[in-house]
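# Topology and contacts: notes
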Amino acid sequence: MDFDLSKEQEMVRKEVRRFAASEIAPVAADLDEKETFSIELTRKMGDIGLFGMVVDEEYDGQGMDYLSYIIAVEEIARIDGSQAATIAAGNSLGIGPIYYYGNEAQKKKYLPKLCRGEALWGFGLTEPTAGSDAGGSKTTATPDGSEWVLSGSKIFITNAACELSLGVTVQAVTGTRPNGKPEYTCFLVEHGTPGFKAVPMHKKMVWRASNTAELFFDDVRVPAKNMLGEKGDGFHQMLQTLDAGRLSIAAMGLGGAQGAYELALKYAKQRVQFGQPISKFQAVAFKLADCALEIECARNLIYKACWLRDRERPFAKEAAMAKLYCSEVMGRVVNHAVQVHGGYGLMKEYQVERFYRDQKLLDIGEGTSEVQRIVISRYIGC
Ligand SMILES: Cc1cc2nc3c(=O)[nH]c(=O)nc-3n(C[C@H](O)[C@H](O)[C@H](O)COP(=O)(O)OP(=O)(O)OC[C@H]3O[C@@H](n4cnc5c(N)ncnc54)[C@H](O)[C@@H]3O)c2cc1C
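Residues numbered from 1 in each chain as written. Predicted model: local features only at pLDDT ≥ 70, side-chain atom pairs only at ≥ 80, totals over all residues. Heavy atoms only, no water.

Further remarks concern the packing of helix α3 (residues 66–77) against helix α7 (residues 282–310). In contact at an axis separation of 8 Å, α3 and α7 are set at 145 degrees when each is read in the N-to-C sense. Packed against α3, whose contacting residues are Y66, L67, I70, I71 and E74, the element α7 presents R299, I302, Y303, C306, R309 and D310 at the interface. For the contact of α3 with α7, the per-class residue count stands at seven nonpolar, no polar and four charged. (Axes fitted to C-alpha atoms, helices over the stretch in contact; angles between N-to-C directions. Helix = DSSP H or I, 4+ residues; strand = E, 2+ residues; numbered from the N terminus. Contact = heavy atoms within 4.5 Å. Nonpolar A, V, L, I, M, F, W, Y, C, P; charged D, E, K, R; others polar.)

Below you can see the structure in the form of structure tokens.
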């Protein structure tokens, strides 16, 4: 067994940590407070190669392994959940389906811009009446000559309604399977297509500086060449995308836990009560020890899942475990971190308050904790 990171992986950690400290940390609280998605910061993240990290260089990607990408998300999340969300959704959900299922023309058309961070692409799965039950989508696509006509709506779609949004992958019903269940196919729908409207969603508790959208498709006509893969492959493509996406949500849990823990440890060493730093009280020290322990376990779990993926071995069970565990570890860590800060932990001036809020999405997005337990229990034969 070799627990050392490669030189390239160490370099990614060092560079992304430096970038997050110098470019994200100074503005994160303000962007969160004002609920502002920053185009400038997104472009900067693109400039240092944070989009298309695992995509081949021929499409302007970085050609790195999955673990390098996960380390990058971890390091951004250590400072700010919103920017980590933009990167994680950009890579796994936006670029992923086009890279893995797109034909050459689609890849050449979209990937270079997406990989350079000049544009963002959305992943349109969730609908108002179909969340965990992704097989209950109602959006339809009907053939009409050489075109398909899409009708329906999507909700909570990341990166889909800002100045940089170029388009979205949409899962739509295209027929009925022999077993009576709906047949799903994915389509690439560009912004500006008549009948397609993207409306930003505001007043979020979490990820306030990330872009979240509600999408409306009112008889939207797309050419047949915008179909992703084969007719009927949509559901499978979406589920496989989520397997990999789960690792980036897990990385956000790990990085967020690490960031909140570091803030709490620093505060505990500085804050004096009863004549000594509160870190000297066993009740506080044990909380921090538990945080350090769980973060270590979480890191080993997610890195192992990435190791499997990088060797093209099955990793879906481990990805579900990592997503569930890292999210819940961050939940326990932010709770301890706020407790260690006492009343100050409830004030926006202290960063842990933001970590506390941002954590909650991780229990819900890309398959809730309950859904992860269903996935894991199926893998273990229940
Ligand atoms: C900020 C944000 C960004 C998002 N980004 C995207 C995106 O880019 N693309 C996208 O497609 N979606 C996105 N989502 C949607 C997200 O994936 C869904 O919110 C999530 O899958 C849960 O669906 P739901 O909200 O409809 O909850 P529901 O599915 O209605 O679940 C409600 C509750 O019921 C529980 N539940 C449901 N079914 C079961 C069951 N069978 N057994 C046990 N418990 C169950 C759930 O675990 C949960 O606790 C985003 C959401 C948010 C908030």
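Next comes the rest of the description.
With that settled, the discussion passes to the environment of L50. Relative to the helices and strands, L50 is located in the loop between α2 (39–47) and α3. Note: C-alpha distance between L50 and V16 (34 residues apart in sequence) is 8.6 Å. Apart from the residues lying within four places of it in its own chain, the contact partners of L50 are V16, M45, A72, I76, I87 and N91.

Taken together, 17 residues lie around the ligand, and T126, S132, F156, T368 and E370 are the ones closest in. At a separation of 2.8 Å, a nitrogen atom of the ligand approaches a polar backbone atom of F123. Here E366 contributes a backbone N or O atom positioned 3.4 Å from an oxygen atom of the ligand. Mapped by element, the contributors of at least two residues to the shell around the ligand are β3 (147–158) and α10 (369–379). Here the element with the most residues in the shell around the ligand is β3; it accounts for three residues. Among the residues forming the shell around the ligand, the class breakdown is nine nonpolar, six polar and two charged. (Near = heavy atom within 4 Å. Polar contact = N/O pair within 3.5 Å; in protein donor to acceptor, adjacent residues only side chain to side chain.)

All right, on to the pattern of salt bridges then. Taken as a whole and judged by the stated rule, the model has 27 salt bridges. With its nearest N and O atoms 2.9 Å apart, the salt bridge here joins E74 to R299. Note that E74 is positioned in helix α3 and R299 in helix α7, a separation of 225 residues in sequence. A relative accessible area of 2% places E74 in the buried class. (Salt bridge = Lys/Arg side-chain N within 4 Å of Asp/Glu carboxyl O. Buried < 20%, exposed > 50% of the residue type's maximum accessible area, 1.4 Å probe, protein only.)

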